[in-house]
Amino acid sequence: MFNNSPQIFDKIISLCKRRGFIFASSEIYGGFAAIYDYGPYGVELANAVKREWWKSMVQYREDIVGLDSAIFMHPKVWEASGHVAGFSDPLAECKSCHERFRVDHLLEEAGISADEKMSEEEINKLFAENREKIKCPSCGKKDFTEARKFNLLVQSNLGNFAEDWTKNPVYLRGETCQGIYMNYKNVLDSVRVKIPFGIAQIGKAFRNEITARQFIFRTREFEQMEMQYFTHPDQEMAEYEKLKKYRWKFYLGLGIKEENLKWYKHEHLVFYAREGYDIEYNFPFGFKELEGIHARGDYDLTQHSKLSGQDLSYTDSKTSEKYIPHIIESSAGVGRTVLTVLCDAYCEETVNNEKRVVMKFNKNLAPIKIAIFPLLKNKPKLVKKAKEIFNDLKERWMCEFDDNGNIGKRYRRQDEIGTPYCITVDFDTLEDDTVTVRDRDSMEQERIAVKDLKRFFDEKFNR
Ligand code: GAP
């Protein structure tokens, strides 16, 4: 099914709320722009995405180790990284209603192809040339201020008790990789790693995004899954090509349809990058960045060496060659991957003249792996048996016990949250100790002995 339409996007957003995947933050106070909360099924889905990423980037790799660095770092980190001076988006304000917008987004809405990755100068020129065509999305007037740079770093007064703390703010990290650079020496000195090696981490990042739209695609608080790979300068580009292939395969492993993925080569590189490619996904609002894969050269360690005064070079123990490692990175958002998985899984089918909405998640990502139903909730023997099976299986898989409503209704609910298997305990179970197992995708049902259930599901799910 083709999921590229605004109508489908609305349906996915509504399903996310209705079925407990994703909620707007602080909803009872009218929400809080560009911040979202993950509900009971959303957190399971996000955890499954993170688990798969960690397996692929750490567990299966002898050359990559994990890290969990703090959100707050010394403010010099963000000076050295270039974020204080250069991490900004072009912003314009409507002079009539005073709403603020990202200029590249205003252009896009006026049908002027403003590539998100254009340089700031190019966007400003395009904005000036097209002022007449651009209406304020809020009030409809055509009177904007000049575009100006707006820094995306989020500031905090942590540990600063002065009244005018904004003069010396600390920052909530704008990307998780800086914590990796801060620990590169610690890892080198404490764990037996040799170049080439990588450090991976998953954690929150914060950006004062100007426009809040497209659901969890672009949020002000989000999680990143980043891996920084430290290489000899001569190896950088060869390792970069390997990493690109590895990351593409990761998404296929999550079950994402390959026709919905494509490469985007950056013509205008961000300030730190030597080469940059994005893996884009065909979201309902078009192909957009899912993950960035950058060759960062020696930019980061050189900058941090300069500002900290510490020697961050590497000495090869065999050749005694001393050099600043070059870094290649893979950087993906958890929320964006969750949105990709949701969009790719959403499916509407007609079954016996009735519409069925089903989330065809990869089985290993499904929030609930197995649902267990007693056929009737007012038959204590059926309920007891179903509870026994539930208690047994839940030790190994995320399971749900459901005795609400008729079986058809329970199937529909589990289809909407993407549960791959439903078990029904019926009167035959009490006679022969077998149950019905229903497959989400084929909707076929088979009879399986209770004693064989664990072996059956072991073959269906990865560890
Ligand atoms: N360390 C490199 C870096 O942070 P980026 O292209 O700015 O690069 C990497 O971000 C990834 O993080 C993006 O591809 C996206 O998946 C995610 N991301 C970035 N900003 C985001 C936002 N405001 N909301 C959700 N995800 C975001």
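Cut-offs and rules
- Residues numbered from 1 in each chain as written.
- Predicted model: local features only at pLDDT ≥ 70, side-chain atom pairs only at ≥ 80, totals over all residues.
- Heavy atoms only, no water.
- Helix = DSSP H or I, 4+ residues; strand = E, 2+ residues; numbered from the N terminus.
- Buried < 20%, exposed > 50% of the residue type's maximum accessible area, 1.4 Å probe, protein only.
- Contact = heavy atoms within 4.5 Å.
- Core = buried A, V, L, I, M, F, W, Y, C linked by side-chain atoms within 4.5 Å.
- Polar contact = N/O pair within 3.5 Å; in protein donor to acceptor, adjacent residues only side chain to side chain.
- Pairing = 2+ DSSP bridges.
- Axes fitted to C-alpha atoms, helices over the stretch in contact; angles between N-to-C directions.
- Parallel < 35°, antiparallel > 145°, perpendicular 65-115°, else oblique.
- Left-handed = near helix turned anticlockwise from the far one by under 90°.
- Nonpolar A, V, L, I, M, F, W, Y, C, P; charged D, E, K, R; others polar.
- Phe/Tyr/Trp six-rings, centres within 6.5 Å; stacked < 30°, edge-to-face > 60°.
- Lys NZ or Arg CZ within 6 Å of the ring centre and 35° of its normal.
- Patch = residues over 30% accessible without salt bridge, like charges linked within 9 Å, V, L, I, M, F, W, Y side chains within 5 Å.
- Areas by Shrake-Rupley, 256 points an atom, 1.4 Å probe, with all protein chains shown as cover.
- Salt bridge = Lys/Arg side-chain N within 4 Å of Asp/Glu carboxyl O.
- 1 Å grid on protein atoms, 1.4 Å probe; cavity = no way out; pocket = protein on both sides within 12 Å on 5 of 7 lines; lining within 4 Å.
- Points joined across faces, edges and corners; volume = space filled by probe spheres on them.

Visitor: Where do I start with the overall build of the protein chain in this structure?
Guide: Each helix and strand in the protein chain was counted, giving 14 helices and 23 strands. With respect to the three principal axes, the spread of C-alpha positions in the protein chain is 75 × 65 × 50 Å. Evaluated residue by residue, the protein chain yields a buried proportion of 53% over its 463 residues. For the protein chain, restricting intrachain contacts to residue pairs at least 6 apart in sequence, the fraction spanning at least 24 positions comes to 65%.

Visitor: Honestly, the nonpolar core in this entry has me stumped. Any pointers?
Guide: It is characteristic of soluble globular proteins that their nonpolar side chains tend to be buried jointly. In this structure, F21, Y251, V338, L342 and F361 are the most contacted members of the largest nonpolar core, which totals 56 residues. Here this core gets eight residues from one element, more than from any other, and that element is helix 2 (residues 40-59). What Y251 contacts, discounting residues up to four positions off in sequence, is I256, L261, I279, L290, E291, A332 and T337. Counting 22 residues, the second largest nonpolar core, distinct from the first, contains V383, F401, F457 and F461.

Visitor: Looking at this model, I keep getting lost on the side chain of T429. Mind explaining?
Guide: Here T429 shows up in helix 13 (residues 427-432). Within the local environment of T429, its side chain forms a polar contact with the backbone nitrogen of D426, the two atoms lying 2.9 Å apart. Beyond its immediate chain neighbours, meaning those up to four positions away, T429 contacts K385, T424, T434, V435 and R447.

Visitor: Explain the sheet that holds strand 10 (residues 221-231) here, please?
Guide: Each strand in a sheet pairs with its neighbour through backbone hydrogen bonds, running either in the same direction (parallel) or in the opposite one (antiparallel). With respect to topology, seven strands assemble into an open sheet ordered 3-9-10-16-13-12-11, the strand pairing being mixed. One side of each edge strand has no neighbouring strand; the edge strands of this open sheet are strand 3 (64-66) and strand 11 (261-265). With direction set aside, neighbouring strand axes in the sheet form an average angle of 25 degrees. Pairing geometry for strand 13 (residues 286-297) and strand 16 (residues 326-333), over six bridges, is antiparallel. Directly across from E291, in strand 16, lies its bridge partner A332. Together, strand 3, strand 9 (197-206), strand 10, strand 13 and strand 16 form the strand contacts of helix 7 (residues 177-190), whose direction differs from that of strand 9 by roughly 145 degrees. Of the strands in this sheet, strand 9, strand 10, strand 12 (275-283), strand 13 and strand 16 are in contact with helix 10 (residues 334-345), which crosses strand 12 at around 40 degrees.

Visitor: So what exactly am I meant to see when it comes to the environment of E44 here?
Guide: One can find E44 in helix 2. In the structure, E44 is positioned 323 residues away from P367 in sequence and 4.8 Å away in space, judged by C-alpha atoms. Sequence-distant contacts of E44, that is, excluding residues within four places in its chain, are made with P367 and M398.

Visitor: How should the packing of helix 11 (residues 380-393) against helix 14 (residues 453-460) be read in this particular structure?
Guide: Helices that pack against each other are described as a pair by the angle of their axes relative to one another and the distance between those axes. Relative to each other, helix 11 and helix 14 sit at 45 degrees, their axes nearing to 11 Å. With respect to helix 14, the element helix 11 is oriented oblique. Read as a crossing pair, helix 11 and helix 14 show a hand that is right-handed. Facing helix 11, whose interface residues are I389, D392 and L393, helix 14 presents L453, K454 and F457. Of the residues assigned to the contact of helix 11 with helix 14, the class counts are four nonpolar, no polar and two charged.

Visitor: Please explain the packing of aromatic side chains as it appears in this structure.
Guide: Aromatic ring pairs are defined here through the distance separating the ring centres and the angle between the ring planes. Using the criterion set out here, one finds 27 aromatic pairs in the structure. With a centroid separation of 6.3 Å and an interplanar angle of 45 degrees, the aromatic rings of W53 and W54 are classed as tilted. When the centroid spacing of 4.9 Å and the interplanar angle of 20 degrees are considered together, the rings of Y184 and F230 count as stacked. Here F230 lies in strand 10 and Y184 lies in helix 7, a separation of 46 residues in the sequence. Each residue in the set F9, Y36, F215, F217, Y281, F283 and F285 is aromatic and connected to the rest through ring pairs, giving one cluster. When the ring centre of F250 is taken as origin, the NZ or CZ atom of R247, which lies over that ring, is 4.4 Å away. The ring centre of Y411 lies 4.2 Å from the NZ or CZ of R438, which sits over that ring.

Visitor: Where do I start with a nonpolar patch on the surface in this structure?
Guide: A cluster of nonpolar side chains, namely L376, F427 and L430, defines an oily patch on the protein surface of about 240 Å² accessible area. Assignment of secondary structure puts L430 in helix 13.

Visitor: Just to check I follow, could you spell out the layout of surface pockets for this structure?
Guide: Unfilled space is identified by rolling a water-sized probe across the atoms. Of the volumes computed, that of the largest pocket is approximately 1200 Å³. Forming the boundary of the largest pocket are 47 residues, of which F87, D89, R207, V270 and E289 lie nearest the centre. Of all the secondary-structure elements, those providing two or more residues to the lining of the largest pocket are helix 4 (83-86), strand 4 (88-93), helix 6 (120-129), strand 10, strand 13, strand 16 and helix 10. Looking at the lining of the largest pocket element by element, the count peaks at five residues for strand 13. Tallied by class, residues from the lining of the largest pocket come to 16 nonpolar, 13 polar and 18 charged.

As far as function goes, none of this settles anything; it's purely spatial.
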